[in-house]
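# Structural features, examined
Single-letter residue listing:
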Amino acid sequence: MNESNKKHNVRAFVALMIGFCGVGLPVTGVVNHLNEFSPVSVEGHAWHSSHNVLGVLFVVFSIWHIVLNRRPLWNYIRSKASGVPSVSREFILAGIIVASLLVVFVGHEFLAHGR
């Protein structure tokens, strides 16, 4: 088979972009946090806009990833729902972790900005 006729692997591209945005978001967020009290500059606006763009791209590629994997995900959910009548411990633990991180991050924003 000719190398130039290879099909583009969409799933690998989406996973790569999620990883790229997932690494870039915290980096730009930390830089924004460090530059928060400095005078307004073009560089500051560039960091803010890059953080916003990475956030939008992360959401778009995450939704695209879910759409690409909808059949295996739906089969997994159906198989778990039919066999387990109650909520699993992993689900409860994941919910507690997500809720606590949400409280910490949102609380930090309110406390850091005095609102």
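For the structure itself, look to the data block above.
I will try to describe carefully the structure that is included in this document. (Residues numbered from 1 in each chain as written. Predicted model: local features only at pLDDT ≥ 70, side-chain atom pairs only at ≥ 80, totals over all residues. Heavy atoms only, no water.)

## Details of the environment of P26
What counts is decided by this rule: Numbering of helices and strands starts at the N terminus; helices are DSSP runs of H or I of at least 4 residues and strands are runs of E of at least 2.
Along the chain, P26 turns up in helix α1 (residues 10-34). C-alpha of P26 to C-alpha of H51: the two residues are 25 residues apart in sequence and 8.5 Å apart in space.

## As for the packing of aromatic side chains
To keep things clear, this is the line we draw: Only Phe, Tyr and Trp rings take part, Trp by its six-membered ring, and two of them pair if their centres are within 6.5 Å. Stacked means planes under 30 degrees apart, edge-to-face means over 60, and tilted covers everything else. Burial classification: accessible surface area is computed with a 1.4 Å probe over protein chains only, and a residue below 20% of its type maximum counts as buried, one above 50% as exposed, and the rest as partly exposed.
Enumeration according to the criterion identifies two aromatic pairs in this entry. Arranged with centres 5.8 Å apart and planes meeting at 80°, the rings of F13 and F61 form a pair that is edge-to-face. Here F13 is found in helix α1, whereas its partner F61 is found in helix α2 (residues 42-68), with 48 residues between them in sequence. According to the relative accessible area criterion, F13 is partly exposed, its value standing at 30%. Judged by centre distance (5.7 Å) and plane angle (25°), the ring pair of F61 and W64 falls under stacked. One end of the pair is F61 and the other is W64, both in helix α2 and three residues apart, which spans about a single turn. What makes F61 buried here is its relative accessible area of 9%. A residue is classified by how much of its surface remains accessible, and W64, at 34% relative accessible area, is partly exposed. Joined through ring pairs, the aromatic side chains of F13, F61 and W64 make up one cluster.

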